[in-house]
Amino acid sequence: MDNSNSGGAGHDLEFTTTIDGSVKQNVPIPPPTNSVLSAMAASSRSSSTPSPSAPASYTPSTTLPGFQFSQSSHPTACLFHILFKGLAFTLYMLGSKAMDNVMVTVLCILLLAADFWVVKNITGRLLVGLRWWNKVDPVTGDTSWIFESATPTVGDVNANSKFSANAFDSKFFWAILYITPVLWGICFMSALLFFKFQCFVTLSCALALSASNVYGYYKCSTDQREKWNQWMNAGAQIGVSAMMRNGVFGWLGNRFSGSGGGNRQQVPQQEPNVLPGTFA
């Protein structure tokens, strides 16, 4: 072994690198990317891509669920059925703050008269196929009241039919017709309790006109008469059963308890022993 050669370079390591160009690789080398940014970009692309089962566009409905006038056959008649009532009620509640009481009374009576005419001659005929009116005999002068009802047809309207029944129109008509005198009656009782005598003229006209329409259409509709009779019979049965429970059964219970109490032996009560003396 040659010590001279190993003495100077024996402690150094030499590495030799060679490249073999004969081997070809077809695997592409991806560029360096940030894993977090790439995940966010992929999620945004997947969310922006529309699903094939989802609808392309959505238009929210602006109609309230309970007030879908699209179900009505006569939406304009439904509007006028409640229009003059609402105006008269709003004017009665808030009109005194903006104008004189006399002007409020005059405008309310005009609105109530318009509502009475519209309900009597237009909305009742279009919405429920009912009409009531009076006829004066020119010879004798007697007044006869006439109550008419058209035969409703459900489904297709044939050539001989004059009225097609609509469930929404019927419910809307009768609900507003019955609620109106109830509201005016509450206002009348409130005015009576708080001594608002200046409101009696308006409230009397409102009650008279609304109650007249209720009575006239009640006489026209056989179905409403049957429902009213059912309500009256049910109320009478409830009242009779309540009277039977509270009156007859209570009377019988008192009778039996009284008769039973007469047979019982009364035990005389002894007076407690009293010890004479004084207490300090």
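All figures in this text were calculated on a predicted structure; none of them were measured in a lab. (Residues numbered from 1 in each chain as written. Predicted model: local features only at pLDDT ≥ 70, side-chain atom pairs only at ≥ 80, totals over all residues. Heavy atoms only, no water.)

Student: Any chance you could break down the confidence of the model for the protein for me, citing the residues and the numbers?
Tutor: In low-pLDDT segments, the atomic positions of the prediction should not be examined closely. In the predicted model, the protein carries a mean pLDDT of 73, and the fraction of residues at 70 or more is 56%. Contacts for the low-pLDDT stretch residues 58-66, under 50 throughout, to residues beyond four places or in other chains number one contact. This model gives residues 272-280 a pLDDT under 50, and the stretch forms zero contacts once residues within four places in sequence are excluded. (pLDDT = per-residue confidence, 0-100. Contact = heavy atoms within 4.5 Å.)

Student: Give a detailed account of the pairing of strand β1 (residues 130-136), specifying residues and quantitative values.
Tutor: Where β1 and strand β2 (residues 143-149) come together, seven bridges link them in antiparallel fashion. Among the inter-strand pairings, arginine 131 is bridged to a residue of β2, identified as glutamate 148. Hairpin connection, β1 to β2: the antiparallel pair is bridged by six residues, and glycine 141 has positive phi, about 80 degrees. (Pairing = 2+ DSSP bridges. Helix = DSSP H or I, 4+ residues; strand = E, 2+ residues; numbered from the N terminus.)

Student: Could you give an account of the pattern of salt bridges, naming the residues involved and the relevant values?
Tutor: Under the defined criterion, the tally for this structure stands at two salt bridges. A salt bridge links lysine 85 to aspartate 115; its shortest N-O distance comes to 2.9 Å. Of this pair, lysine 85 sits in helix α3 (residues 75-94) while aspartate 115 sits in helix α4 (residues 101-127); the two residues are 30 residues apart in sequence, bridging distant segments of the chain. In this pair, the class of lysine 85 matches that of aspartate 115, namely buried. Between glutamate 148 and arginine 131 there is a salt bridge; the shortest N-O distance is 2.5 Å. Here arginine 131 lies in strand β1 and glutamate 148 lies in strand β2, a separation of 17 residues in the sequence. (Salt bridge = Lys/Arg side-chain N within 4 Å of Asp/Glu carboxyl O. Buried < 20%, exposed > 50% of the residue type's maximum accessible area, 1.4 Å probe, protein only.)

Student: Describe the environment of serine 170, with residues and values.
Tutor: Position of serine 170 relative to the elements: it lies in helix α5 (residues 167-193). Once the C-alpha coordinates of serine 170 and serine 72 are considered, the two residues, 98 residues apart in sequence, prove to be 9.4 Å apart. Apart from the residues within four sequence positions on either side, serine 170 is in contact with Leu127 and Val128.

Student: Run through α5, naming residues and quoting values.
Tutor: With 27 residues, α5 extends 40 Å from end C-alpha to end C-alpha; this agrees with the ideal 39 Å at 1.5 Å per step. Taken as a whole, α5 has its buried residues at Phe168, Asp169, Phe172, Phe173, Trp174, Ile176, Leu177, Thr180, Pro181, Trp184, Cys187 and Ala191. Where α5 starts, the residue carrying a side-chain oxygen 3.0 Å from the main-chain nitrogen of phenylalanine 168 turns out to be asparagine 166. Looking at the residues trailing α5, positive phi occurs at phenylalanine 195, about 60 degrees. (Expected span 1.5 Å × (residues − 1). Polar contact = N/O pair within 3.5 Å; in protein donor to acceptor, adjacent residues only side chain to side chain.)

Student: Please set out unusual backbone geometry residue by residue, giving values where relevant.
Tutor: Glycine aside, the phi torsion of most residues is negative, and most peptide linkages are trans. Unlike most non-glycine residues, phenylalanine 195 shows phi in positive territory, near 60 degrees. One can find phenylalanine 195 in the loop between α5 and α6 (200-220).

Student: I'd like a rundown of the side chain of threonine 202, residues and numbers included.
Tutor: Inspection of the secondary structure puts threonine 202 in helix α6. Take threonine 202: its relative accessible area is 3%, and that puts it in the buried class. Setting aside chain neighbours within four positions, we find threonine 202 in contact with Tyr92, Thr105, Cys108 and Leu112.

Student: An account of the packing of α3 against α5 is needed here, citing residue identities and associated values.
Tutor: The relative placement of two packed helices is expressed as an angle between their axes plus a distance between the axes. Direction vectors running N to C along α3 and α5 enclose 15 degrees, while the axes themselves pass 10 Å from each other. Looking at the two axes, α3 sits roughly parallel to α5. When you trace α3 past α5, the crossing you get is left-handed. The residues of α5 that touch α3, namely those facing Cys78, His81, Ile82, Lys85, Ala88, Phe89 and Tyr92, are Phe168, Asp169, Phe172, Phe173, Ile176, Leu177, Thr180, Leu183, Trp184, Cys187 and Ala191. Its residues assigned to classes, the contact of α3 with α5 shows 14 nonpolar, two polar and two charged. (Axes fitted to C-alpha atoms, helices over the stretch in contact; angles between N-to-C directions. Parallel < 35°, antiparallel > 145°, perpendicular 65-115°, else oblique. Left-handed = near helix turned anticlockwise from the far one by under 90°. Nonpolar A, V, L, I, M, F, W, Y, C, P; charged D, E, K, R; others polar.)

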